[in-house]
Amino acid sequence: MGFDQSQWVWMNGELIPWQEANVHISVHGLHYGSGVFEGVRCYQTDDGPALFRLEAHLARLYASAEVYGIEIPFTRDELAHATCELIVRNEFTSCYVRHIAFYGSESLGLYPGPCPVEVAILAWPWAPYLGVDGQQSGVRVTVSPWTKFHSRMLPTTAKGCGQYLNSILAVRDAVARGYDEALLLDASGHIAEGSGENLFIVRDGQLFTNGEDDSILLGITRASVIDIAQDLGYPVHVDTLHLDELMSADEVFFTGTATEVAPICEVDGTQIGSGKPGRITTEIQKVFFEAVAGRVPRYRHWLTPAAAVMEALV
Ligand code: PMP
């Protein structure tokens, strides 16, 4: 997991040792999941460790917070600097970064109004979420018996902590039945997303992914992959996805910050395409990894080198 390699945590404005980054058992966020979070990856580049699409992730953090009335008592710039400082201080070359803002301790009434907002940033080395092997050879997925909640229940475009109980039910069921990941359908029976990933289908040299009306989180990796695919000359269609389209696809893959780009080789015992990572998936994966490493000039603006941000402050 790599938690043991992390020495410092940024919490409410200061860097503190990992062991001291604690909260009281009475925090609202623990009881009701009343918090919002982000996951960002930091990659090794020639300019040192660099955060991939930090601005987009922070924008989504503040948008998620707004949905739940969580007033983050720091500016976006302050959190961006804090993120870079945390990485430099921990001496990480690459890592995963977790931002969280949640209602703290004051009341356990459901109305969170009186509770202070606490903010923390963690960083630790984290291997690809579905495994290096899964990323290279493809993952096995099952359609979940759990339905992805509809945005009229909880806004799927926000990363609310408690929202992830839905994902936890789905992934626990999938793992118990021997699969790598769950695929959730929405309330209409159309494809929504993985427990923590967006989905792309490849058919006849074109890409298909679903959109905001399909009960998904609008993934930042998804947006990056749409750009990469279009730049490579592949048309990308954003529309509702049906299960039969998935089963008959040439290629299918997941995208997500933790997962990066991972081919799906099987859905409930049905092989997808050749059962091996497809040509277009592999091509997109390759460009994605070049981009995050800062080796593609046209995507370099997606990267925030941590040390450069710190030096600019001195
Ligand atoms: N869907 C869900 C439910 C997720 O938790 C994630 C991970 N944040 C994604 C999709 C992928 O989003 P991103 O590419 O921004 O990490």
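Structure first, text after, so check above.
The rules behind these values
- Residues numbered from 1 in each chain as written.
- Predicted model: local features only at pLDDT ≥ 70, side-chain atom pairs only at ≥ 80, totals over all residues.
- Heavy atoms only, no water.
- Axes fitted to C-alpha atoms, helices over the stretch in contact; angles between N-to-C directions.
- Helix = DSSP H or I, 4+ residues; strand = E, 2+ residues; numbered from the N terminus.
- Parallel < 35°, antiparallel > 145°, perpendicular 65-115°, else oblique.
- Left-handed = near helix turned anticlockwise from the far one by under 90°.
- Contact = heavy atoms within 4.5 Å.
- Nonpolar A, V, L, I, M, F, W, Y, C, P; charged D, E, K, R; others polar.
- Pairing = 2+ DSSP bridges.
- Phe/Tyr/Trp six-rings, centres within 6.5 Å; stacked < 30°, edge-to-face > 60°.
- Buried < 20%, exposed > 50% of the residue type's maximum accessible area, 1.4 Å probe, protein only.
- Lys NZ or Arg CZ within 6 Å of the ring centre and 35° of its normal.
- Expected span 1.5 Å × (residues − 1).
- 1 Å grid on protein atoms, 1.4 Å probe; cavity = no way out; pocket = protein on both sides within 12 Å on 5 of 7 lines; lining within 4 Å.
- Points joined across faces, edges and corners; volume = space filled by probe spheres on them.
- Near = heavy atom within 4 Å.
- Polar contact = N/O pair within 3.5 Å; in protein donor to acceptor, adjacent residues only side chain to side chain.
- Areas by Shrake-Rupley, 256 points an atom, 1.4 Å probe, with all protein chains shown as cover.
- Sits in = over half its atoms within 2 Å of the grid points.

So, the packing of helix H6 (residues 220-231) against helix H8 (residues 279-292)
Point 1. Between H6 and H8, whose axes approach to 10 Å, the crossing angle comes to 110 degrees. Comparing their axes, H8 and H6 come out roughly perpendicular. With respect to the hand of their crossing, H6 and H8 are arranged in right-handed fashion. Where H6 approaches H8, its residues Thr 221, Val 225, Ile 228 and Ala 229 are matched on the opposing element by Ile 284, Val 287 and Phe 288.
Point 2. Its residues assigned to classes, the contact of H6 with H8 shows six nonpolar, one polar and no charged.

Some words on unusual backbone geometry
Point 1. If you check the backbone angles, Asn 12 has positive phi at about 50 degrees while not being a glycine.
Point 2. Residue position: Asn 12 is located in the loop between strand S1 (8-11) and strand S2 (14-17).
Point 3. Positioned with a positive phi, Glu 91 is a non-glycine residue whose angle comes to about 60 degrees.
Point 4. Along the polypeptide, Glu 91 turns up in the loop between helix H3 (76-90) and strand S5 (95-103).

Re the pairing of S2
The two faces of the sheet receive side chains in turn, since in a regular strand these alternate between them.
Point 1. Relative to S2, S1 runs antiparallel, the two being bridged by four bridges. By the bridge assignment, Val 9 is partnered in S2 with Ile 16.
Point 2. The antiparallel hairpin formed by S1 and S2 contains two residues in its connecting segment, where Asn 12 sits at a positive phi of about 50 degrees.

Notes on the packing of aromatic side chains
Point 1. Considering all chains together, one arrives at 14 aromatic pairs under this definition.
Point 2. A ring pair is formed by Tyr 43 and Phe 52, whose centres lie 6.4 Å apart and whose planes are at 85 degrees; its orientation type is edge-to-face. Each member of the pair, Tyr 43 as well as Phe 52, is classed as buried.
Point 3. When the ring of Trp 124 is compared with that of Trp 126, the centres are 5.5 Å apart and the planes differ by 45 degrees; the resulting orientation is tilted.
Point 4. Positioned above the aromatic ring of Phe 208 is the side chain of Arg 203, whose terminal nitrogen or guanidinium carbon lies 4.5 Å from the ring centre.

Some remarks on helix H2 (residues 54-67)
Point 1. Here H2 spans 20 Å end to end across 14 residues, near enough to the 20 Å set by a 1.5 Å rise per residue.
Point 2. On its buried face, H2 sits against strand S3 (35-45), strand S4 (48-52), H3, S5, H6 and strand S16 (303-305).
Point 3. Remark: Gly 69 follows H2 within two positions and exhibits a positive phi of approximately 70 degrees.

Re the layout of surface pockets
Point 1. There is about 790 Å³ of room inside the largest pocket.
Point 2. For the largest pocket, the lining is made up of 38 residues, of which Phe 37, Lys 159, Tyr 164, Ser 195 and Gly 196 are closest to its centre.
Point 3. Secondary-structure elements contributing two or more residues to the lining of the largest pocket are S3, S5, helix H5 (164-176), strand S9 (191-194), H6 and strand S13 (251-256).
Point 4. Per-element accounting of the lining of the largest pocket gives the leading share, six residues, to H5.
Point 5. In this structure, the second largest pocket spans a volume of roughly 490 Å³.
Point 6. Taken together, 17 residues form the lining of the second largest pocket, with Val 23, Leu 30, Ile 100, Phe 102 and Leu 122 sitting closest to its centre.

A short note on the site of the ligand
Point 1. As a matter of local geometry, the ligand sits amid 15 residues, with Tyr 164, Glu 193, Ile 220, Thr 221 and Thr 257 nearest to it.
Point 2. With respect to the ligand, the side chain of Lys 159 contributes an N or O atom lying 2.7 Å from a nitrogen atom.
Point 3. Here the ligand, which alone exposes 380 Å², has 94% of that area covered by the protein.
Point 4. The cavity that encloses the ligand is the largest pocket.
Point 5. Among the elements of the structure, H6 and S13 are those that each provide at least two residues to the shell around the ligand.
Point 6. For the shell around the ligand, the residue count by class is three nonpolar, eight polar and four charged.

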